[in-house]
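Breakdown of the fold
What follows is each chain in one-letter form.
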Amino acid sequence: MSAPTSRKPKVSEQEARQVAEAAREQEWRKPSFAKELFLGRFRLDLIHPHPMPADEDTRRGEAFLARLRTFCEREVDGALIEREARIPDAVINGLRELGALGMKIDTKYGGLGLTQVYYNKALALVGSANPSIGALLSAHQSIGAPQPLKLFGSQEQKDEFLPRLASTDISAFLLTEPDVGSDPARLATTAVPDGDSYVLDGVKLWTTNGVVADLLVVMARVPKSEGHPGGITAFLVEAADEGVTVEHRNAFMGLRGLENGVTRFHRVRVSAARRIGPEGAGLKIALTTLNTGRLSLPAMCVGAGKWCLKIAREWSAEREQWGRPIALHEAVGSKISFIAATTFALEAVLDLSSQMADEDRNDIRIEAALAKLYGSEMACLMADELVQIRGGRGFETADSLAARGERAVPAEQLLRDLRINRIFEGSTEIMHLLIAREAVDAHLKAAGDLIDPDKSLGDKAKAGARAGGFYARWLPKLVAGPGQLPGAYGDFNPSGHPDLAAHLRYVERTSRKLARSTFYAMSRWQGRMETKQGFLGRIVDIGAELFAMSAACVRAELLRTTEDHGREAYQLADAFCRQSRLRVEELFGRLWANTDDLDRKVVRGVLSGTYTWLEEGVVDPSGEGPWIADATPGRTEKENVHRPIR
């Protein structure tokens, strides 16, 4: 058996891109509303009428939500979790008894078999009691062992592990390393074949649930050798196995109850029977799992928005300034309107994406990514506005408020807890690039070889012919569409309600404008397009707004035809769309009028030390030590702080 690798793999930028590209799902076998939107095709038929859950799924889901609500109200003390930075064992055991560990696991394995819609509603509910509980359940089921096993596990693995995961065992997903974040090509943890086993060596960072987990999904690099194609591979590892050490429990600005740690593997022997999928399929497994797994994060953002709205309403009606409630002052009222309208839209995006995931008729990889991106960004803005509405009380901790006799409103805690969502499961910056890659997939398939410097002249000639045919068919369709017809989408303009049809016509027109802008940018920058991350980020943000507007309108129409508050839903959708349109117009303006080039010059100056004089006049309170901890494989020198909950 060869010795484990002790240093990070050295990879070029091109090699890193190739690893990421190989892990993508290459084909679009099902329609995608968001993909079509980026191509200038507004396929309202893919989302309207709004898909609905089956009656039995609704009955089972609502029954569980009722039990979960009772448990949260009676058994969860969010303030205690915040003070002690730990979820009490009794709470976790209570969740086990409720079946919350198996919400997404099929009933034949002892799970609850909830749909994605009701799983997300459960996360929103429990996350409002304390976000750390939502994170624990989400990390266990959305990216932990149950989902990869469901999608890629053998029948033997499902039979062995899913009953445990549904009832007793907590799982964690281990990919990130001290020097490896969103660039998996540099993954250093190795799994060296040895007979019918593999030997794992390496260190994993930010292992959510890792401190208390019973079962780990570990991504490790298998060296290529005879009989072994190698590559990044997924393994199931028992946390109690010899050589597995939780060296540290991390502490954060928010989510203080999060059981997140550093885990070291030293000569950990893992049977080949516990490899998930073939060698080299690890990243594809991770990305496919995240296609729906990402929806758990915006679910908790929706819960946060609902709570922000409740507190803003109650406080702003109670607090008076200059003779009237602060809610009636326009400066505060605009913030409340933003919170209400955005919460409505976020729930619309979440429910629509989740129901499409349940029906499995559409490819929702872009929709789920947009929901994560948009939800995490907008939830942070809503929490920040709530703190502003609350003023000094928003900055004060709940314990301090209670100690002086006022209602213990944890607004500042919410702001801290939500901040990680812009980093979790793909930072905003990475999400921009991921979504942009999927959004321009059709262009790259048609003309990618034209801008690939490694392609021969013959390949480029063939690509030119292929691209000519694609654009000859596609570009004329971007000139005109239903968005220019005054009566289009008339179903969304019922008598006595705000006119949502006008907003849908705007979405249709704007999707074509977005596609034209993308085409122009590709023509202008060609192979340099991938370096224009500012431009790509704005393109994606425009698409996110258009998706949210579409979802809000479709949800409002659903509520008008099925609920008692359809008129109010139309009002909220109208307010959101008007606010969103202002953001879209600003983003379009910044596509071509921005400081991107100047910013790059300033960055080069900062890195070269040109502006170090600007740093004078302060002291640095940072402690000593390396920027990135040493993660050389080897035997641990630290105490194992693994704490399984029984």
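Residues numbered from 1 in each chain as written. Predicted model: local features only at pLDDT ≥ 70, side-chain atom pairs only at ≥ 80, totals over all residues. Heavy atoms only, no water.

1. Comments concerning the confidence of the model for the chain
Across the chain, the average pLDDT comes to 92, with 94% of residues at 70 or higher. Contacts of residues 1–6 to residues separated by more than four positions or lying in other chains number 13 contacts, the stretch itself having pLDDT below 50. (pLDDT = per-residue confidence, 0-100. Contact = heavy atoms within 4.5 Å.)

2. Describing empty space enclosed by the protein
A complete count under the given rule lists 2 cavities of 30 Å³ or more for this structure. If you add up the space inside the largest cavity, you get close to 60 Å³. As for the largest cavity, its lining consists of F38, A436, A439, V440, H443, T518, L536, I539 and V540. Mapped onto the lining of the largest cavity, the elements with two or more residues apiece are helix 17 (428–439) and helix 21 (533–562). If you add up the space inside the second largest cavity, you get close to 40 Å³. (1 Å grid on protein atoms, 1.4 Å probe; cavity = no way out; pocket = protein on both sides within 12 Å on 5 of 7 lines; lining within 4 Å. Points joined across faces, edges and corners; volume = space filled by probe spheres on them. Helix = DSSP H or I, 4+ residues; strand = E, 2+ residues; numbered from the N terminus.)

3. Concerning helix 3 (residues 55–75)
Spanning 21 residues, helix 3 covers 30 Å between terminal C-alpha atoms, matching the ideal 30 Å at 1.5 Å per step. If you check which residues of helix 3 are buried, you get G61, F64, L65, L68, F71 and C72. End-on, the buried residues of helix 3 take up no more than an arc of 125°, which puts them together on one face. In helix 3, the exposed residues that point more than 90 degrees away from the buried face are D55, E73 and R74. Close packing links the buried residues of helix 3 with helix 5 (89–98) and helix 6 (116–129). (Expected span 1.5 Å × (residues − 1). Buried < 20%, exposed > 50% of the residue type's maximum accessible area, 1.4 Å probe, protein only. Arc of directions from axis to C-beta.)

4. Regarding the pattern of salt bridges
Using the criterion set out here, one finds 47 salt bridges in the structure. Here E259 makes a salt bridge to R86, at a shortest N to O gap of 3.8 Å. With E259 in the loop between strand 6 (244–249) and strand 7 (260–271) and R86 in the loop between helix 4 (78–84) and helix 5, the pair connects residues that are 173 residues apart, well separated along the chain. One salt bridge connects K306 with E347, and the closest N-O pair in it is separated by 3.1 Å. Here E347 lies in helix 12 (residues 330–359) and K306 lies in helix 11 (residues 296–318), a separation of 41 residues in the sequence. The exposure class assigned to K306 is partly exposed, which follows from its relative accessible area of 39%. Exposure remark for E347: the relative accessible area of 14% places this residue in the buried category. (Salt bridge = Lys/Arg side-chain N within 4 Å of Asp/Glu carboxyl O.)

5. Considerations on the nonpolar core
Nonpolar side chains in soluble globular proteins generally cluster together in the buried interior. Formed by 129 residues in total, the largest nonpolar core has its most connected members in L137 and F492. Among the elements that take part in this core, helix 21 stands out by supplying 16 residues, more than any other. Excluding residues within four positions of it along the chain, L137 makes contact with L95, A100, L101, M103, Y119, L123 and V126. Grouped together as the second largest cluster of nonpolar side chains are 25 residues, L165, F173, L215 and I232 included. (Core = buried A, V, L, I, M, F, W, Y, C linked by side-chain atoms within 4.5 Å.)

6. Quick look at the packing of aromatic side chains
Summed over all chains, the structure comprises 13 aromatic pairs. Between F33 and F547 the ring centres are 6.0 Å apart and the planes differ by 45°, which places this aromatic pair in the tilted class. With F33 in helix 2 (residues 33–38) and F547 in helix 21, this pair connects stretches of sequence that are 514 residues apart. Accessibility assignment for this pair places F33 and F547 in one class, buried. Centroid distance F470 to Y471: 4.9 Å. Interplanar angle 75°. Geometry classified as edge-to-face. It is R390 that lies over the ring of W315; its NZ or CZ is 4.7 Å from the centre. (Phe/Tyr/Trp six-rings, centres within 6.5 Å; stacked < 30°, edge-to-face > 60°. Lys NZ or Arg CZ within 6 Å of the ring centre and 35° of its normal.)

7. Quick word on a nonpolar patch on the surface
The grouping of L598, V602 and V606 at the surface amounts to a nonpolar patch, some 250 Å² of accessible area in total. Along the chain, V606 falls in helix 23 (residues 596–608). (Patch = residues over 30% accessible without salt bridge, like charges linked within 9 Å, V, L, I, M, F, W, Y side chains within 5 Å. Areas by Shrake-Rupley, 256 points an atom, 1.4 Å probe, with all protein chains shown as cover.)

8. So, the layout of surface pockets
Taken as a whole, the second largest pocket encloses approximately 830 Å³ of empty space. Elements supplying a minimum of two residues to the lining of the second largest pocket: helix 8 (146–152), helix 9 (155–167), helix 10 (282–293) and helix 12. The leading source of residues in the lining of the second largest pocket is helix 8, at 5 residues. Of the residues in the lining of the second largest pocket, the class split is 11 nonpolar, 9 polar and 14 charged. (Nonpolar A, V, L, I, M, F, W, Y, C, P; charged D, E, K, R; others polar.)

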